[in-house]
Amino acid sequence: MSCWKTTRYEIDLARPRVMGIVNVTPDSFSDGGRHADAASALRHCEQLLREGADILDIGGESTRPGSPAVPLHEELARVLPVVREAVGLNVPVSVDTAKPEVMAAVLDLGADILNDVWALRRPGAAEVVAGHPACGVCLMHMHRDPQTMQAAPMAGDAVPQVLLFLEQAAQALQARGVHRSRIVLDPGIGFGKTVAQNFALLARQDELLAAGYPLLVGWSRKSSIGAAVQGSATAPPPPEARVAGSVAAALMAVERGARIVRVHDVRETVQALAVWRQVRENY
Ligand code: HH2
């Protein structure tokens, strides 16, 4: 059974894993401003661990559609104090960043995983990963960039395009000497895709698994959940009211072979997965 090799931990993926989101940002789409200072972000880390998170994912730059880029010094100031403490919590620490300077700085602090929505396309990012002996990495598919991705989403069948992109990104990283056991792939739900394309990526997730890497998916509170829930006469529910739909999507993703789900609502997701495992492992 597969495992994800990271700086300090080999994460056993025989059991699906829950990655809890810690946004140290003023403007994230669903929880912006709630954990924007280091002390409250750290309290949130501890809360997510009590709720059963297997991995923490700490980010200092929102990638919501239309979000502005955060200057390097600002992202470092947001993320480093939290990562410095979080690496003492006895749990794998992932950092959600696209900037090579942030990657290098958090690896120096002992971070276990780099989660990059740009799939290491920024100059210097792949070198940072290749220059480290062991960190794990999540390569995500994004069409265009956060400023423009929803103004002009992808055209056509997203599934083979996402698969090809991810396979090429993983191969390019291996060509730099990074072992495949350090790599996890993510279709990038909501990143430059239409609602129909996002759900096709869930319905046909087996096509992505054919690449042969563990899959991480992030449906949590995203607008496609809101779109699915929306009745014809009502407005879509706001992000914090998309919890049940998000749990349903996470569960379906796991049922279809995803090994890691990136979520805001750890307690609810852990509970749903416990029921899933009860059936899967005993009957
Ligand atoms: N989604 C978001 C951010 N990072 N990383 C991966 N690997 N996969 C995802 O689907 C993903 C991600 C967006 O969600 P969130 O962090 O809650 O919002 P924001 O970017 O506004 O901070």
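Check the entry above for the structure.
Residues numbered from 1 in each chain as written. Predicted model: local features only at pLDDT ≥ 70, side-chain atom pairs only at ≥ 80, totals over all residues. Heavy atoms only, no water.

Here we look at the overall build of the protein
- Within the protein, the secondary structure is distributed over 10 helices and 10 strands.
- At 17 Å, the protein has a C-alpha radius of gyration in line with the 19 Å of a compact globule built from 283 residues.
- Out of the 283 residues belonging to the protein, those deemed buried represent 54%.
- For the protein, the share of sequence-separated contacts (at least 6 apart) that also reach a separation of at least 24 residues comes to 69%.
- Here the protein displays about 11700 Å² of accessible surface, and carbon together with sulfur accounts for 55% of that area.
- Of the side-chain charges in the protein, 28 are positive and 30 negative, and the distance between the mean point of each set is 2 Å. (Helix = DSSP H or I, 4+ residues; strand = E, 2+ residues; numbered from the N terminus. Rg over C-alpha atoms; globule rule 2.2 N^0.38 Å. Buried < 20%, exposed > 50% of the residue type's maximum accessible area, 1.4 Å probe, protein only. Contact = heavy atoms within 4.5 Å. Areas by Shrake-Rupley, 256 points an atom, 1.4 Å probe, with all protein chains shown as cover. Lys, Arg positive; Asp, Glu negative; His and termini not counted. Charge placed at Lys NZ, Arg CZ, Asp CG, Glu CD.)

Describing the packing of helix α2 (residues 72–86) against helix α3 (residues 100–108)
- At their nearest, the axes of α2 and α3 sit 10 Å apart, and the two run at 20° to each other. Taken together, the axis directions place α2 and α3 in an arrangement best described as roughly parallel. The crossing of α2 and α3 is right-handed. Of the residues in α3, those touching α2 at Leu 72, Glu 75, Leu 76, Val 79, Leu 80 and Val 83 are Glu 101, Val 102, Ala 105 and Val 106.
- Of the residues contributing to the contact of α2 with α3, the split by class is eight nonpolar, no polar and two charged. (Axes fitted to C-alpha atoms, helices over the stretch in contact; angles between N-to-C directions. Parallel < 35°, antiparallel > 145°, perpendicular 65-115°, else oblique. Left-handed = near helix turned anticlockwise from the far one by under 90°. Nonpolar A, V, L, I, M, F, W, Y, C, P; charged D, E, K, R; others polar.)

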